[in-house]
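# Analysis of the macromolecular model
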Amino acid sequence: MAEGASQDLLLAAAFVSDAQYNRNIPFRTSPEAVRLYYLYNHWIMRTVTYFFIFLNLSLAVFEEPAVYPLPFLVTSLIEVLCLLVFFGRLTHFAKVTLRNVFWKDTKNICIMVAILLSLTDLAIYGVLRMYNMRSIRWSRIVRPIFLINFAESRQIRRAFRSIRNTLPEITYVFLLFMFSLLMFSLMALKLFGERNLQTAEGLPYFKNYLEIVFDLYVLVTTANSPDVMMPAFDFSSWYALFFIAFVIVNTYIFMSLFLAVVYNNYKKHLKNEIRKLAYMKHRKMIEAFNLLKEEEGAQFVVREARWKQLVKLVAPDISNSHRELLLCISDNEQKGFIDKKSFVQLADLLNIQVITLKIRSHPLGQWMPRVYKSAVSRFLRSMVRHRGFVWTYDVIILINAIFIALDEETPYISYAEWVFLALYIIEILLKVYTYEPRAFFGKNQFWNWFDTLIIFAALTATVLNTTLKSTTKYNSQQILDIVFILRVLRLIRIVDSIQRFRVIMNTLINIVPTMLTFGGLTLVVYCVFAIIGMELFHGKIQFFPASSNVPYALECGNPALKDSLFARGKYCKNNFNNFASSFIVLMELTVVNQWHVFANGFANVTVQPAKLYFIAFHIVMVIIIVNIFVSFILEAFFVEYSLEKSEVETAIEQKIQELGMGVQEDELQHEQLLDNMESAEHDLEGEGGTKPQSKGLVFKIASKRYRTVDALLQRMFEAEIPLEDEGPSFEEILNLSPTAAVPSNLTLENTA
């Protein structure tokens, strides 16, 4: 009986943990499978998986054409090891998930196919290499599949699903855009083709229809403006009207239309994805409740003792005081049990960061109480706490910025730097004197750590540089560079002093996780295009130093580039001769400026259809992915500016205030720390073990800057689900259509 209760508790903890971290894996519920599931989700297992994923991707740096060449045997053994780890991880996943779900899941099939293709290609390439026959490592292009399809990368998969679901609408706009481009190209051929005009390079102007289409497509990106219109404009000023009309229609209208369509569809599909997560989260909490429930009168409840055991399993790192606070909120009337409605909110309670603070006296108040508590000391500490102290140092930073911009060689400017350093050191010392040192350098006090490290690093570098200059003739430019950078970094602190800047900074912090997601998305696209680019253009363009006597060194080693814009612009180092160079070229193409010069250059050394590679990259990266990223930024700002506290956060704050242990958020903002406070983990249990004692301890909810946009959107959809409603089953949620707003069997009054 006890063993069965323990297994139910372990299974319930798995459900609550999944709800807390938004995992939607339908795992088996047998005791062995649950233990394997805990192991599968362990942070070490996830870290190892990511390590081998990125190790597998990084092999392109060491394989031919390599940045740092390694023997084929070494790279092949590393790749086989990575594939074995991937297969082991996939097998582990198969052991914990339901069989029918595993084989219906496309991502698992993709991983198995990718492993098989990689091994096959590696074997074929190795055999051909033994006979000195050149082959293409075509399987390298499937390596990003591992980054996308493992369960840990659900955010990247969601982004790809958003792109896939947005493609139909984008396709219609793109076809209309292409129709406009082809029509304008035809008009350009008829207007300028017979007038014998020439470009600045002496080439025929708008004679070839396909060249016209490419040039006008480039004009849409503004990369060749106004160069492309100058021959026609020189011939007649009236022809400028043609290009003005083209830019208005295609650059401003169609490109804005692309953003509008991408944003509208991305927002719709993102909300559907998050709505599905909300249903899954609710369902898992209901399952956990059903495992632990006991009958109490006319209702089912979870006993307090079972609830405590559950929370210890799910969140072993939170303090006893924090756990007792959550219990007081869940069992608001101190009945000794938690009802269904309160239990379902446990995952949200655990996700809200509650900071436990312990009141401490300043060490100087203990060592020198008479001096520290004197009238002069109290006045000094009140002055440091005053907002005017912060404003004064903000002004000093701005004045310092002016001096940084002035000539360093002027003696007075050099002496002024010592004055500013002294003022900053005095500021740090005054704050440490006013605030308890362990609270001042607490783990959540980013700006205090930032200021102190920057100031003392700048002091060390300045003293070292001055000493070297005074004792020897040696002048270290590296040390000077460090000093200059550290001086400029001081200016960052002023950002947190202005409310509007803080809103923007909060938004930037909130979107960091999703920026990492789009970073993964960009990495996937870059890897695919880099590998294709190396196969197409490797060795076609070479870089030679300016003093080189190699034939055609000025033409990047290829006579086809003679007198080309690519060679005259000295772009020879922008090539696809290795993985690192390919990434740099792709980054430059993402920026868009001069991308047509790259396209023409590589087309000249290969074939003209090679331009399609660059057009494809522009469509995928700039038109689709960058626009989706912009869409997310827009949504992030809309959510940030309309941010309100959730019902659960309000309940926590109310309970904290009822217990007399509350701290207002603005009391801890910026430099204004509570006097003599430090983050601590202490037991709040009273004599009976159920009621927190307020002596020496207070709580606050962490700043809203730690809330992610995805979490805020999910909170919005969770409000549509009645807390006591059982909701749809796991199978119904998994089979929910991406376009469905709610499951068919769930009727809600306020669904949108």
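Thresholds, definitions, all that
Residues numbered from 1 in each chain as written. Predicted model: local features only at pLDDT ≥ 70, side-chain atom pairs only at ≥ 80, totals over all residues. Heavy atoms only, no water. UniProt positions renumbered as here; feature names shortened; annotations may be inferred. Helix = DSSP H or I, 4+ residues; strand = E, 2+ residues; numbered from the N terminus. Buried < 20%, exposed > 50% of the residue type's maximum accessible area, 1.4 Å probe, protein only. Contact = heavy atoms within 4.5 Å. Pairing = 2+ DSSP bridges. Axes fitted to C-alpha atoms, helices over the stretch in contact; angles between N-to-C directions. Parallel < 35°, antiparallel > 145°, perpendicular 65-115°, else oblique. Nonpolar A, V, L, I, M, F, W, Y, C, P; charged D, E, K, R; others polar. Disulfide = S-S within 2.5 Å. 1 Å grid on protein atoms, 1.4 Å probe; cavity = no way out; pocket = protein on both sides within 12 Å on 5 of 7 lines; lining within 4 Å. Points joined across faces, edges and corners; volume = space filled by probe spheres on them. Core = buried A, V, L, I, M, F, W, Y, C linked by side-chain atoms within 4.5 Å. Phe/Tyr/Trp six-rings, centres within 6.5 Å; stacked < 30°, edge-to-face > 60°. Lys NZ or Arg CZ within 6 Å of the ring centre and 35° of its normal. Patch = residues over 30% accessible without salt bridge, like charges linked within 9 Å, V, L, I, M, F, W, Y side chains within 5 Å. Areas by Shrake-Rupley, 256 points an atom, 1.4 Å probe, with all protein chains shown as cover. Salt bridge = Lys/Arg side-chain N within 4 Å of Asp/Glu carboxyl O. Left-handed = near helix turned anticlockwise from the far one by under 90°. pLDDT = per-residue confidence, 0-100. Polar contact = N/O pair within 3.5 Å; in protein donor to acceptor, adjacent residues only side chain to side chain.

- The protein chain is annotated in an unreviewed UniProt entry as Ion transport domain-containing protein from Accipiter nisus.
- We quote the UniProt Subcellular location (unreviewed entry) comment for the protein chain here in full: "Membrane".

### Overview of the overall build of the protein chain
- From N to C terminus, the protein chain includes 32 helices and six strands.
- In the protein chain, which comprises 752 residues, the share counted as buried stands at 47%.
- Contacts in the protein chain between residues far apart in sequence, at least 24 positions, make up 76% of those at least 6 positions apart.

### So, unusual backbone geometry
- For the bond from Glu64 to Pro65, the omega torsion is -5 degrees, close enough to zero to count as cis.
- Mapped onto the secondary structure, Pro65 falls in the loop between α3 (43–62) and α4 (72–96).
- Looking along the chain, the bond that leaves Ser225 and enters Pro226 is cis, with omega of 0 degrees.
- Along the chain, Pro226 falls in the loop between α9 (209–220) and α10 (230–235).

### Observations concerning the sheet that holds strand β2 (residues 299–303)
- Spatial ordering of the open sheet is given by β1-β2-β3, a layout of three strands whose pairing is antiparallel. Because the sheet does not close on itself, it has two edges, and the strands there are β1 (294–296) and β3 (337–339). Taking each pair of neighbouring strands and ignoring which way they run, the sheet shows an average axis angle of 55 degrees.
- In this structure, β1 lies alongside β2, joined through three bridges in antiparallel fashion.

### Observations regarding the packing of α9 against helix α28 (residues 595–605)
- Contact geometry of α9 with α28 gives a least axis separation of 10 Å together with a crossing angle of 150 degrees. One way to sum up the angle between α9 and α28 is to call them roughly antiparallel. In contact with Phe214, Tyr217 and Val218 of α9, α28 contributes Trp595, His596, Ala599 and Asn600.
- In terms of residue class, the contact of α9 with α28 is built from five nonpolar, two polar and no charged.

### Re the environment of Arg378
- Following the sequence through the fold, Arg378 ends up in helix α18 (residues 375–385).
- In this structure Arg378 comes out as partly exposed when scored by relative accessible area, which is 47%.
- With 56 residues separating them along the chain, Arg378 and Thr434 place their C-alpha atoms 9.0 Å apart.

### Some thoughts on the state of the cysteines
- Taken as a whole, this structure holds one disulfide when the rule is applied.
- The disulfide bridge from Cys556 ends at Cys572, spanning 1.9 Å between sulfur atoms. On the S-S bond that ties Cys556 to Cys572, the torsion sits near -70 degrees, and the link is left-handed. One end of the pair, Cys556, is in the loop between α25 (512–537) and α26 (565–568); the other, Cys572, is in the loop between α26 and α27 (579–591), and 16 residues separate them in sequence.
- Note on Cys556: relative accessible area 0%, which makes it buried.

### Description of the layout of surface pockets
- Its volume calculated, the second largest pocket comes out at about 1,000 Å³.
- Taken together, 37 residues line the second largest pocket, and the ones lying closest to its centre are Thr199, Glu201, Leu203, Leu565 and Asn600.
- Secondary-structure elements contributing two or more residues to the lining of the second largest pocket are α9, α10, α26 and α28.
- Looking at the lining of the second largest pocket residue by residue, the class counts come to 16 nonpolar, 13 polar and eight charged.

### Regarding the nonpolar core
- Judged by nonpolar contacts, the single largest core of 135 residues is most densely connected at Leu216, Phe243, Leu310, Phe343, Trp595 and Phe614.
- The element that contributes the greatest number of residues to this core is helix α11 (residues 240–292), accounting for 15 residues.
- With residues up to four places along the chain from it excluded, the contact list for Phe343 reads Met285, Ala288, Phe289, Leu292, Val302, Trp307, Leu310 and Ile338.
- Counting 13 residues, the second largest nonpolar core, distinct from the first, contains Tyr393, Ile397, Tyr424 and Leu430.

### Brief notes about the packing of aromatic side chains
- Under the defined criterion, the tally for this structure stands at 48 aromatic pairs.
- For the pair Phe184 and Phe246, a centre-to-centre distance of 5.2 Å together with 80 degrees between the ring planes defines the contact as edge-to-face. One end of the pair, Phe184, is in helix α8 (residues 154–192); the other, Phe246, is in helix α11, with 62 residues separating them in the sequence.
- For Phe184, a relative accessible area of 11% translates into the label buried.
- Of note, Arg137 hangs over the ring of Tyr125, and the distance from its end group to the ring centre comes to 5.6 Å.

### Considering a nonpolar patch on the surface
- A grouping of Trp103, Ile109, Val113, Leu117, Ile136 and Trp138 is seen on the molecular surface, where their side chains present a nonpolar patch of about 530 Å² in accessible area.
- For the nonpolar patch, the element with the highest residue contribution is helix α6 (residues 106–130), accounting for three residues.
- Tracing the chain through its elements places Ile109 in helix α6.

### What to know about the pattern of salt bridges
- Tallied over the entire structure, the rule returns 19 salt bridges.
- One salt bridge connects Glu296 with Arg303, and the closest N-O pair in it is separated by 2.6 Å.
- Through salt bridges with shared partners, one network takes in Glu63, Glu79, Asp121, Arg137, Arg140, Arg143 and Glu535.

### Structural notes on the packing of α9 against α11
- Running from N to C, α9 and α11 point in directions that differ by 60 degrees, and their axes come no closer than 9 Å. Viewed along their axes, α9 and α11 adopt a mutual orientation that is oblique. Note that α9 runs across α11; the crossing there is right-handed. Residues Leu216, Leu219 and Val220 of α9 form the contact with α11, whose own contacting residues are Phe243, Phe246, Val247, Asn250, Thr251 and Met255.
- Along the lines of polarity and charge, the residues of the contact of α9 with α11 split into seven nonpolar, two polar and no charged.

### Comments concerning the confidence of the model for the protein chain
- Looking at the protein chain as a whole, the pLDDT averages 79, with 76% of positions reaching at least 70.
- Looking across the protein chain, the model is least confident in strand β5 (residues 677–679), with a mean pLDDT of 37, and most confident in α4, with 95.
- Below pLDDT 50 for its whole length, residues 661–696 participates in 116 contacts with residues either more than four positions away or in separate chains.
- This stretch, residues 744–752, has a pLDDT under 50; its non-local contacts, to residues over four places away or in other chains, come to 17 contacts.

### With respect to the side chain of Thr75
- Within the element layout of this structure, Thr75 appears in helix α4.
- Among the polar contacts listed, one links the side chain of Thr75 to the backbone oxygen of Phe72, at a separation of 3.0 Å.
- For Thr75, the residues in contact, after removing those within four places along its chain, are Leu59, Phe62, Glu63 and Leu70.

### Let's talk about the environment of Cys82
- Secondary-structure assignment places Cys82 in helix α4.
- On the accessibility criterion, Cys82 (0% relative accessible area) is buried.
- For the pair Cys82 and Leu57, spaced 25 residues apart in sequence, the C-alpha to C-alpha distance is 10.0 Å.
- What Cys82 contacts, discounting residues up to four positions off in sequence, is Phe52, Leu55 and Asn56.

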